[in-house]
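Descriptive analysis of the structure
Residues per chain are reported as follows:
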Amino acid sequence: MEIRRAMELDLPALHRLLRQVLEVHHKGRPDLFRGGTEKYTDEELRALLCDETRPIFVAVQEGKVCGYAFCMFRCFPADNILTDIRTLYIDDLCVEENARGQGIGRALYAFVRSFAKEQGCYNLTLNVWACNESALRFYEACGLKPQKIGMETIL
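Residues numbered from 1 in each chain as written. Predicted model: local features only at pLDDT ≥ 70, side-chain atom pairs only at ≥ 80, totals over all residues. Heavy atoms only, no water.

1. Quick look at the packing of helix α1 (residues 11-28) against helix α2 (residues 42-50)
- Closest axis-to-axis distance for the α1/α2 pair is 11 Å, and the angle between their directions is 110°. With respect to their mutual orientation, α1 and α2 come out roughly perpendicular. For the pair α1 and α2, contact is made by Leu-11, Leu-14, His-15 and Leu-18 and by Asp-42, Leu-45, Arg-46 and Leu-49, respectively.
- By residue class, the composition of the contact of α1 with α2 is 5 nonpolar, 1 polar and 2 charged. (Axes fitted to C-alpha atoms, helices over the stretch in contact; angles between N-to-C directions. Helix = DSSP H or I, 4+ residues; strand = E, 2+ residues; numbered from the N terminus. Parallel < 35°, antiparallel > 145°, perpendicular 65-115°, else oblique. Contact = heavy atoms within 4.5 Å. Nonpolar A, V, L, I, M, F, W, Y, C, P; charged D, E, K, R; others polar.)

2. Observations regarding the sheet that holds strand β3 (residues 64-75)
- Ordered in space as β1-β2-β3-β4-β5, the 5 strands form an open sheet in which the pairing is mixed. Among the strands making up the open sheet, the edge pair consists of β1 (2-5) and β5 (123-126). Direction aside, neighbouring strands of the sheet carry axes that sit 30° apart on average.
- Alignment of β1 against strand β2 (residues 56-61), held across 4 bridges, turns out to be antiparallel. When the bridges of β2 are listed, Ile-3 appears paired with Ala-59.
- Its contacts with the sheet put helix α3 (residues 104-118) on β1, β2, β3, β4 (86-95) and β5, and the angle it makes with β4 is roughly 165°. (Pairing = 2+ DSSP bridges.)

3. Overview of the pattern of salt bridges
- Within this structure, the stated rule accounts for 9 salt bridges.
- Across the salt bridge formed by Arg-4 and Asp-10, the nearest N and O atoms sit 2.7 Å from each other. With respect to burial, Arg-4 and Asp-10 carry one shared label: buried.
- The residue Arg-29 makes a salt bridge to Glu-152 at a minimum N-O spacing of 2.4 Å. In this pair, Arg-29 sits in the loop between α1 and α2 while Glu-152 sits in the segment after α4 (133-141), placing the two residues 123 residues apart along the sequence.
- For Arg-29, a relative accessible area of 16% translates into the label buried.
- Each of Arg-29, Asp-31 and Glu-152 takes part in a single network of salt bridges with overlapping partners. (Salt bridge = Lys/Arg side-chain N within 4 Å of Asp/Glu carboxyl O. Buried < 20%, exposed > 50% of the residue type's maximum accessible area, 1.4 Å probe, protein only.)

4. A short note on the state of the cysteines
- Evaluation of the coordinates by the stated rule reveals 0 disulfides.
- No disulfide involves Cys-66; its sulfur sits 9.9 Å from the nearest other cysteine sulfur, which is in Cys-94.
- Classification of Cys-66 by relative accessible area gives buried; the value is 5%.
- No disulfide involves Cys-75; its nearest neighbouring cysteine sulfur is the one of Cys-121, lying 7.7 Å away. (Disulfide = S-S within 2.5 Å.)

5. Details of the nonpolar core
- Grouped together as the largest cluster of nonpolar side chains are 25 residues, with contacts concentrated most on Cys-71, Leu-88, Ile-90, Val-112 and Leu-124.
- The set of elements that each furnish at least two residues to this core consists of β2, β3, β4, α3, β5 and α4.
- Looking at this core element by element, the count peaks at 6 residues for α3.
- Membership of the second largest hydrophobic core comes to 18 residues, among which are Val-21, Ile-56, Tyr-68 and Cys-94. (Core = buried A, V, L, I, M, F, W, Y, C linked by side-chain atoms within 4.5 Å.)

6. A look at the pairing of β2
- When you tally the buried positions in β2, you get 5 out of 6 residues, the bulk of the element.
- With 6 bridges connecting them, β2 and β3 associate as antiparallel partners. The residue of β3 that forms the bridge with Ile-56 is Phe-70.
- Counting the residues that bridge the hairpin from β2 to β3 gives 2 residues, and of these Glu-62 lies at a positive phi of roughly 55°.

Written as structure tokens, this is what we have:
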């Protein structure tokens with residue numbers, strides 16, 4: 001398996017995987033997430049591919065993209081309360097449904113973690129929806145711990 005920066009030729013695979021994530025979220029929280037839609041247009045994805053502050057990595061196995069990690073650098077310089085650290089935030093991580101359990105997600109996470117260290121980041125963060133229990137278990141198995149907890153009440 002190869003993990004590399006995403007390229008324009010990966011757009012169809014990125015769309016396919018993004019739809020899989022969207023459907024997980026839609027099934028878990030149809031009150032918040034629409035089903036049967038696209039998260040990004042081709043133009044938006046192309047812009048992300050060129051944005052050095054928002055790297056996208058893909059896992060490729062036998063010539064086929066089977067996973068991705070959408071990331072973004074975050075810093076809070078001159079913030080009144082937050083320290084000025086550099087964070088790499090994983091906005092989205094997905095492995096093809098039929099390829100899960102083969103270590104692809106763990107390899108993607110390890111790659112992103114190493115990349116963050118190389119870039120001088122203090123930490124690596126992400127959010128996970130409570131309705132996505134398999135993702136929560138996966139991230140805990142990778143050693144992540146809760147940093148903050150979002151809570152809600154439906155009105």
